[in-house]
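# Results of the structural survey
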Amino acid sequence: MNKITPLAPTMSIIHHSPDPQHIFTYSPGVCVLKSGRIIATLDTLDSRNGEKIGYIYISDDGGKSWRFVTNFPFYHARPFISGDSVYIIGHYDKLMIIRSDDEGETWSEASVLDENSWHQAPCNVLHAKGNVYLVMERVTEKLNVWAVSVLAPVLMRAKEGTDLLKRENWTFASEITFKSSINPEDLNYFGAPFYPFEFDKVTEVAPGRYYHPMGWLESNVVQYTDPNHIWYDEKGCTFHIWMRAHTGSTNIAAMIKVVEIEDGTMTTAFEKAPTGKPIVYFPFPGGQMKFHIIYDEKTKLYWLLSTQSTDSAVKAALLPKERYDLPDNERQRLVLHFSKNCIDWVFAGLVDKGVKACESRHYASMDILGDDLIILSRSGDENALNPHQTDMISAHKIENFRDLVY
């Protein structure tokens, strides 16, 4: 029997760190314009001084080559289209955004949409009902631990074609956080959390390996358009937010919903099963790591780009030195799935994988270019410091990706 052949092992390098031991490459975002031009965003972190810098690159040949355009003063950014303009939204503590009116050649000064502290990786953007929808996560409380328990995923809505540099053109949904909404004691029989924890402390699971309080982060927004779906809303006013679930185990994602009210406000709440019981988690391939969901109108399918884990049941104390963090934090295999309902996922293929632990393929973003899928990965080569502190952003193409459906 033949081994699975990667779908896109050939890559072009968008950005490579000049100093892999100190300057790390993060947060690839991608947007395909109507002309076929590809806008790529990424950021770097200099561990010596904490400096974070955003970068914009352009490709006009389908991702084969990339041209640097400019830097921008925030990170965790994603590019998206609204009307005839291209925007990039992200944060540097504050929520920030820039715009281009010439397909990415020149960019505005950064506008501040909110002065609070924000978070979010470059996940998806949804266009529906003449609006743009995306999720950013507000940090509702300062903690001395990884603060995913107090992130509030906020669905943001703006009318297509309006000036999205202006705060008044955005509507923000109401907020809930994991810490304020969920009692972990109620999560019986699901194995979450996998390790003991307290909301304000870090637990040492094994020498030098730590578990931070459970929570959710890195949110995608989807809308169910199939009238047969159990959560279909015939008025088109319900959106579901799928989030990376930080539990200590793998292949689980968290889900909440947002409902648009007649007065234009948006209310965030938990979805419910037919029994009336609230839903927090669903089985989800790669839900332990940042993932990316897009909806393809031609196939009427959701496509999922996520990280595959192969060895999360190993004892933490027995992990090799080159493995980053805890057993659920494996980052070498980037995989693709499709689904008709965002619940049941069908394996489409292995996008690419690294050979050594430091050769990561993770935290990826994607967009559709004609019949092809353009994928940007936070990647590492043999010079990367570790699987998390990566040293390059790579571009991959899956040609005729719809042929993968079976």
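What comes next is a walk through the structure. Model, not experiment: these values are computed from the prediction. (Residues numbered from 1 in each chain as written. Predicted model: local features only at pLDDT ≥ 70, side-chain atom pairs only at ≥ 80, totals over all residues. Heavy atoms only, no water.)

## Observations concerning the overall build of the chain
Scanning the chain from N- to C-terminus turns up 1 helix and 28 strands. Computed over its C-alpha atoms, the radius of gyration of the chain comes to 20 Å, within 12% of the 22 Å expected for a compact globule of 406 residues. Projected onto its principal axes, the C-alpha positions of the chain cover 55 × 50 × 50 Å. Taking all 406 residues of the chain together, the buried fraction comes to 60%. Sequence separation of 24 or more characterises 57% of the internal contacts of the chain that already satisfy a separation of 6 or more. Of the roughly 17100 Å² of accessible surface on the chain, 49% is carried by carbon and sulfur atoms. Here the chain contributes 40 positive and 52 negative side-chain charges, whose respective centroids are spaced 2 Å apart. (Helix = DSSP H or I, 4+ residues; strand = E, 2+ residues; numbered from the N terminus. Rg over C-alpha atoms; globule rule 2.2 N^0.38 Å. Buried < 20%, exposed > 50% of the residue type's maximum accessible area, 1.4 Å probe, protein only. Contact = heavy atoms within 4.5 Å. Areas by Shrake-Rupley, 256 points an atom, 1.4 Å probe, with all protein chains shown as cover. Lys, Arg positive; Asp, Glu negative; His and termini not counted. Charge placed at Lys NZ, Arg CZ, Asp CG, Glu CD.)

## Description of the sheet that holds strand 26 (residues 361-369)
Pairing is antiparallel across the open sheet formed by 4 strands, whose spatial order is 1-28-27-26. In this open sheet, the two edge strands, each paired with only one partner strand, are strand 1 (12-16) and strand 26. Adjacent strand axes in the sheet meet at a mean angle of 20 degrees, parallel and antiparallel pairs treated alike. Relative to strand 28 (residues 392-398), strand 1 runs antiparallel, the two sharing 4 bridges. Bridging across to strand 28, S12 finds its partner in A395. (Pairing = 2+ DSSP bridges. Axes fitted to C-alpha atoms, helices over the stretch in contact; angles between N-to-C directions.)

## Notes on the environment of D114
Relative to the assigned elements, D114 resides in strand 9 (residues 111-114). Note on D114: relative accessible area 16%, which makes it buried. The spacing of D114 and C342 is 228 residues in sequence and 31 Å in space, taken between C-alpha atoms. Here the side chain of D114 touches N116 through a polar contact of 2.8 Å, side chain to side chain. (Polar contact = N/O pair within 3.5 Å; in protein donor to acceptor, adjacent residues only side chain to side chain.)

## Some thoughts on the nonpolar core
In terms of nonpolar packing, the biggest core is built from 33 residues, with L155, F178, M214, W216 and Y281 touching the most fellow members. Looking at this core, the elements that each hand over two or more residues are strand 11 (126-128), strand 12 (131-139), strand 17 (215-222), strand 18 (238-246) and strand 19 (252-260). Sequence-distant contacts of L155, defined by excluding residues within four places in its chain, comprise Y133, L134, V135, T171, F172, A173, V221, F239, I241, V258 and M266. One finds L301, W303, I368 and I398 within the second-largest nonpolar core, a separate group that totals 18 residues. (Core = buried A, V, L, I, M, F, W, Y, C linked by side-chain atoms within 4.5 Å.)

## Overview of the pairing of strand 7 (residues 85-92)
Within strand 7, 7 of the 8 residues are buried, which leaves it mostly tucked inside the rest of the structure. The sheet contact formed by strand 6 (residues 75-82) and strand 7 spans 6 bridges and is antiparallel. Bridging across to strand 7, F80 finds its partner in Y87. In this antiparallel pair of consecutive strands, strand 6 and strand 7, the connection spans 2 residues, and G83 shows a positive phi of 65 degrees. In this structure, strand 7 lies alongside strand 8 (residues 94-100), joined through 7 bridges in antiparallel fashion. Across the sheet, residue I88 finds its bridge partner in strand 8, namely I98. As consecutive antiparallel partners, strand 7 and strand 8 are separated by 1 residue, and within that stretch D93 has a phi angle of approximately 70 degrees, a positive value.

## Here we look at the state of the cysteines
Throughout the structure, instances matching the rule amount to 0 disulfides. There is no disulfide at C342, and the cysteine sulfur nearest it, in C123, is 13 Å away. (Disulfide = S-S within 2.5 Å.)

## Some points on empty space enclosed by the protein
Inspection of the entire model under this criterion finds 1 cavity of 30 Å³ or more. Of the voids in this model, the largest cavity is the one considered here, and its volume is about 30 Å³. Residue lining of the largest cavity: R323, Y324, N329, E330, R331, Q332, A357 and P387, and that is the complete set. In terms of residue class, the lining of the largest cavity is built from 3 nonpolar, 2 polar and 3 charged. (1 Å grid on protein atoms, 1.4 Å probe; cavity = no way out; pocket = protein on both sides within 12 Å on 5 of 7 lines; lining within 4 Å. Points joined across faces, edges and corners; volume = space filled by probe spheres on them. Nonpolar A, V, L, I, M, F, W, Y, C, P; charged D, E, K, R; others polar.)

## Overview of the pattern of salt bridges
Applying the stated criterion to the full structure yields 21 salt bridges. With its nearest N and O atoms 3.4 Å apart, the salt bridge here joins R48 to D19. One end of the pair, R48, is in the loop between strand 3 (38-46) and strand 4 (51-59); the other, D19, is in the loop between strand 1 and strand 2 (23-32), and 29 residues separate them in sequence. The exposure class assigned to R48 is exposed, which follows from its relative accessible area of 52%. For K94, the salt bridge goes to E115, with nearest N and O atoms at 3.2 Å. Taken as a pair, K94 in strand 8 and E115 in the loop between strand 9 and strand 10 (118-119) lie far apart in primary sequence, 21 residues in all. According to the relative accessible area criterion, E115 is exposed, its value standing at 56%. (Salt bridge = Lys/Arg side-chain N within 4 Å of Asp/Glu carboxyl O.)

## Some details on the environment of T70
Here T70 lies in strand 5 (residues 67-72). With 35 residues separating them along the chain, T70 and E105 place their C-alpha atoms 8.7 Å apart. Apart from the residues lying within four places of it in its own chain, the contact partners of T70 are G54, Y55, I56 and W107.

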